[in-house]
Amino acid sequence: MKYKWLRSAMLTLVAGTALTACSTGETEKNSAEEDKVSIVTSFYPMYEFASQVAGDRADITMMVGGGDDPHHYEPSAKDVATVNEADLFVYSSPEMEFWTESLFETVENDDLKIVSAAEGVNQSAHSEEDHDHTEGESAGEVKIASVAEHYHSGDMAELTAKVEGNTTLDHWHWYTRSDESADWEAVPNEFGSELSYLVLDENFEVKAELYGEDHEVLTESEPVTITVDNHEDEGEEAHDHESEEAHDHESEEAHDQEGEATETGEDVVVAGLAGHYHTGDAVTIMAETEAEVSEWQWSTRKSDETEWSVISDQTTEQFTGEAVSGGLEIQGVGLDAEGNEVVNTGTIEIIVDDHENEDPHSWLDPVLVQEQVDAIRDALIEIDPEGEEVYTANAADFNERLQGLDQEFQEAFEGAENRVFVVQHQAFGYIAERYDLEQIAVGGLSTEVEPSPSRIAEIGTLVEEYEVPVIYYQQGSDSSIAQTIASETGTETAVLHDLESLSEELQSENLGYIEAMEQNIEALKLSIK
C-alpha cells in the first residue's frame, strides 16, 4: 500500500508538471503573438516593404487583394475594424489610394501610426532645416474666425481656422453636424485653413482639426454655431431697409471667393460648386435669383452628347446629388406658377478628378523605394523601440538588395541606342525617368479608359518609326489593345509587372518584388538595345 500510494503521488506530480508546462508554453506562445506589432498595409508593394523591415516582429495584413483595384478600392466594415485594432497603417500616397482619406475619417484609433511611404519620399527633397522645423512644430488652440452673427439661406459662410504660433502645418479637416446629438460629418475636398460653406435652411455646427505629417490629429477647435435667420418673423419692409443692403454685400463678397459661387445664367448665381469632386462625393448646390420662381426643375446628363434627364423629386432651388466617374452636367430651370421658364442656370459642369492623371507608381523606382523602406523603418522604431536593432538591420539588408537591383537596371541599358518602349497603359514613367528611357503609352494612366482609334493608329506609326519590336501590357490586365496593335504592326507582346499586385506564378515560387523587377529588366531588353 505504501509503494502504491507513492507511485500514485509521483504520477500525479508528473502529470501536473506536464499540464503546467503545456499551459505555460501556450501562455508564452499567446503572449508572444500579442506582443507582435500589428501592421495593416494597403496593397502589395507596401505589404512587401513592411514585411521586409518588420520580419518576425509583426503580424502584417494587406487590405487590397490581387483581384481588386488599389486605386478604386472601397474599404469594408471589416477593414475598418482591422485598422481600428492596428498599431501601424502603411500606404503609398493619397494620389494612389485616395480612398484612405475617408478611411482615416472613419477609423477611431488614437494610437494608430500612419505612414504614407511615397509622401515620405517627397518630403526627403526638402531641406533639413525645414524638416527639423516641422518636426518641432507644436499646435496650440484652434480658433475659427469670421463667423457672422447670423446668415441667410444661400449665403456662403467664409470661415478661417487659426493656430497661434503655427507657421508650417497646413493640413486641415472640416466637419459639420446639425446639433450636439448628431455625428460629425467631414466636409469633402476642404483641407486648407479656409472654408467656404453653403448655408441652407437650418442652424448647424462647424469644427476644424489640424493634422500632422503622419495624419494624426494635433489639435481641434471648439464647435461654432452657424445661425440661420431669414427674418421670417419681421415685416417685409423692415427686412428691406435693415438687412437687404448688408445681405447683398455679404452675398457679393461670398460670390467673389475662389469661384465657390459662379454666375452661370443672366439672372442666376449658383452657390456651393466645388472646384472638383471625387467619385461618390456629395454634390450640393443652390440657385440664387431675384426673379419670382414658383418651382425649380433640375436635369442631369453625362455629356453634351447625351440627353438631359429630369430629376422629378427635386423642385426647390437646392440640388443634391452624387459625383459620378467621368463627371456630370447639371441644369436648373426656374418656373413660374404656370410652368413657364423664368430663369435658367445654364450648364453647370461637375468636374470629377480621381487623380488618375498623376503617376503614382513610385514603387517601381528602386532608388525611391529605399527611402520608402527607411520611412517604414522609422515608424516601426517609433512604436516599438525595443525592435530598433532588428528593424535597422532588416531595412539595411533590403536596401542593399535594392541597390543591387538599381545596378542591374543601369548595366542592362547602358549604351543602348534604342531607348523607346511602348506600353498599353502609362504606368512605367518612374522606370523611364530613372534610367533615361522613353515610355510611349497607347492609353493614359487609367486602365479603364480605352484609347480612341486615332490614337491606336498614331501608335502604329510610332512603332514603325522607332522600329519597336514589342508592345507591353501590364501583368494581370486585359491585353486586347496590345494584341490589336501587335497584329496590325507585326510586332510581339510581352508582360511588364506594375506590381500593384503580385502574380500567382511568382507567389507559387515564393518570389517577390526583387524578382518581379528583374523580370521587367529582361522584358525591357527586348526593346531597349
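Structural data are supplied above this passage.
Residues numbered from 1 in each chain as written. Predicted model: local features only at pLDDT ≥ 70, side-chain atom pairs only at ≥ 80, totals over all residues. Heavy atoms only, no water.

## Digging into the overall build of the protein chain
Part 1 of the argument: A count of helices and strands for the protein chain gives 14 helices and 25 strands.
Part 2 of the argument: Buried positions account for 43% of the 529 residues belonging to the protein chain.
Part 3 of the argument: Counting contacts in the protein chain only where the partners sit at least 6 residues apart, residues at least 24 apart contribute 62% of the total.
Part 4 of the argument: Carbon and sulfur atoms make up 44% of the accessible area of the protein chain, which totals about 28,200 Å². (Helix = DSSP H or I, 4+ residues; strand = E, 2+ residues; numbered from the N terminus. Buried < 20%, exposed > 50% of the residue type's maximum accessible area, 1.4 Å probe, protein only. Contact = heavy atoms within 4.5 Å. Areas by Shrake-Rupley, 256 points an atom, 1.4 Å probe, with all protein chains shown as cover.)

## Here we look at a negative patch on the surface
Part 1 of the argument: On the surface, a cluster of negative charge is contributed by Asp87, Glu108, Asp110, Asp111, Asp183 and Glu185.
Part 2 of the argument: If you trace the backbone, aspartate 110 turns up in the loop between α4 (100-106) and β4 (113-116). (Patch = residues over 30% accessible without salt bridge, like charges linked within 9 Å, V, L, I, M, F, W, Y side chains within 5 Å. Salt bridge = Lys/Arg side-chain N within 4 Å of Asp/Glu carboxyl O. Lys, Arg positive; Asp, Glu negative; His and termini not counted. Charge placed at Lys NZ, Arg CZ, Asp CG, Glu CD.)

## A look at the packing of aromatic side chains
Part 1 of the argument: Summed over the entire model, instances satisfying the criterion amount to 13 aromatic pairs.
Part 2 of the argument: Here the aromatic rings of tyrosine 91 and phenylalanine 104 are separated by 5.5 Å at their centres, their planes lie at 65°, and the arrangement is edge-to-face. Of this pair, tyrosine 91 sits in strand β3 (residues 88-91) while phenylalanine 104 sits in helix α4, placing them 13 residues apart in sequence. Assigned by exposure class, tyrosine 91 and phenylalanine 104 land together as buried.
Part 3 of the argument: Between tryptophan 298 and phenylalanine 319, the aromatic rings sit 5.5 Å apart at their centres with planes inclined by 45°, giving tilted as the arrangement. Taken as a pair, tryptophan 298 in strand β16 (residues 295-301) and phenylalanine 319 in strand β18 (residues 318-322) lie far apart in primary sequence, 21 residues in all. The residues tryptophan 298 and phenylalanine 319 share a single accessibility class, namely buried.
Part 4 of the argument: Three or more aromatic residues link up through ring pairs in this structure, and these residues are Phe49, Phe398 and Tyr513.
Part 5 of the argument: Of note, lysine 207 hangs over the ring of tyrosine 175, and the distance from its end group to the ring centre comes to 5.6 Å. (Phe/Tyr/Trp six-rings, centres within 6.5 Å; stacked < 30°, edge-to-face > 60°. Lys NZ or Arg CZ within 6 Å of the ring centre and 35° of its normal.)

## Topic: the sheet that holds strand β5 (residues 142-145)
Part 1 of the argument: In spatial order, the strands read β5-β6-β9; together these three strands make up an open sheet with antiparallel pairing. Only two strands of the sheet have a single neighbouring strand rather than two, namely β5 and β9 (194-198). Averaged over neighbouring strand pairs, the angle between their axes works out to 25° when direction is ignored.
Part 2 of the argument: For β5 and strand β6 (residues 156-163), the ladder comprises four bridges, and the chain directions are antiparallel. Among the inter-strand pairings, isoleucine 144 is bridged to a residue of β6, identified as alanine 161. (Pairing = 2+ DSSP bridges. Axes fitted to C-alpha atoms, helices over the stretch in contact; angles between N-to-C directions.)

## Overview of the environment of lysine 143
Part 1 of the argument: Mapped onto the elements, lysine 143 comes out in strand β5.
Part 2 of the argument: Lysine 143 sits in the exposed class, given a relative accessible area of 55%.
Part 3 of the argument: In sequence terms lysine 143 and valine 163 are 20 residues apart; their C-alpha atoms lie 6.6 Å from each other.

## Details of helix α8 (residues 366-383)
Part 1 of the argument: Across its 18 residues, α8 extends 26 Å between first and last C-alpha, which sits within 8% of the 26 Å expected from 1.5 Å per residue.
Part 2 of the argument: Pro366, Leu368, Val369, Gln370, Gln372, Val373, Ile376, Ala379, Leu380 and Ile381 are the residues of α8 that are buried.
Part 3 of the argument: For α8, the side-chain oxygen to backbone nitrogen distance between the N-cap and valine 367 is 2.9 Å, and the N-cap itself is aspartate 365. (Expected span 1.5 Å × (residues − 1). Polar contact = N/O pair within 3.5 Å; in protein donor to acceptor, adjacent residues only side chain to side chain.)

## Some points on the packing of α8 against helix α9 (residues 388-413)
Part 1 of the argument: Contact geometry of α8 with α9 gives a least axis separation of 9 Å together with a crossing angle of 175°. Between α8 and α9, the interaxial angle falls into the category roughly antiparallel. On α9, the residues touching Pro366, Val367, Val369, Gln370, Val373, Asp374, Arg377, Leu380 and Ile381 of α8 are Glu388, Tyr391, Thr392, Ala395, Phe398, Asn399, Leu402, Gln403, Leu405, Asp406 and Phe409.
Part 2 of the argument: Each residue belonging to the contact of α8 with α9 can be placed in one class, and the counts come to 12 nonpolar, four polar and four charged. (Parallel < 35°, antiparallel > 145°, perpendicular 65-115°, else oblique. Nonpolar A, V, L, I, M, F, W, Y, C, P; charged D, E, K, R; others polar.)

## Some words on the environment of arginine 401
Part 1 of the argument: Considering the arrangement of structural elements, one finds arginine 401 in helix α9.
Part 2 of the argument: For arginine 401, the residues in contact, after removing those within four places along its chain, are Gln52, Ile514 and Glu515.

## Here's the deal with the sheet that holds β4
Consider a sheet: its strands pair through backbone hydrogen bonds, and that pairing is either parallel or antiparallel.
Part 1 of the argument: Sheet architecture is open: four strands sit in the order β2-β1-β3-β4, paired in parallel fashion. Lying at the two open borders of the sheet, with one neighbouring strand each, are β2 (58-62) and β4. Adjacent strand axes in the sheet meet at a mean angle of 20°, parallel and antiparallel pairs treated alike.
Part 2 of the argument: In this sheet, β2 lies alongside strand β1 (residues 37-41) in parallel orientation, the contact comprising five bridges. From the neighbouring strand, isoleucine 39 faces β2, where its bridge partner is isoleucine 60.
Part 3 of the argument: Packed on one face of the sheet, helix α2 (residues 44-54) meets β1, β2 and β3 and runs near 175° to β2.
Part 4 of the argument: Lying over the sheet, α8 contacts β1, β3 and β4, oriented at roughly 170° with respect to β4.

## Topic: the nonpolar core
Part 1 of the argument: In this structure, Ile39, Phe89, Phe421 and Tyr513 are the most contacted members of the largest nonpolar core, which totals 71 residues.
Part 2 of the argument: Aside from chain neighbours lying at most four places away, what touches phenylalanine 89 is Val40, Ser42, Met63, Val83, Thr100, Leu103, Phe104, Leu112, Lys113, Ile114 and Val115. (Core = buried A, V, L, I, M, F, W, Y, C linked by side-chain atoms within 4.5 Å.)

## Structural notes on the pairing of β4
Part 1 of the argument: Residues Lys113 and Val115 of β4 are buried on one face, and the alternating residues Ile114 and Ser116, pointing to the opposite face, are buried as well.
Part 2 of the argument: Inspection of the sheet shows β3 paired to β4 by four bridges, in the parallel sense. The residue bridging phenylalanine 89 from the neighbouring strand is isoleucine 114, located in β4.
Part 3 of the argument: Note that the unit made of β3, α4 and β4 has a crossover that is right-handed. (Right-handed = clockwise from strand over helix to strand, strands pointing away.)

Read these as geometric descriptors, not functional statements.
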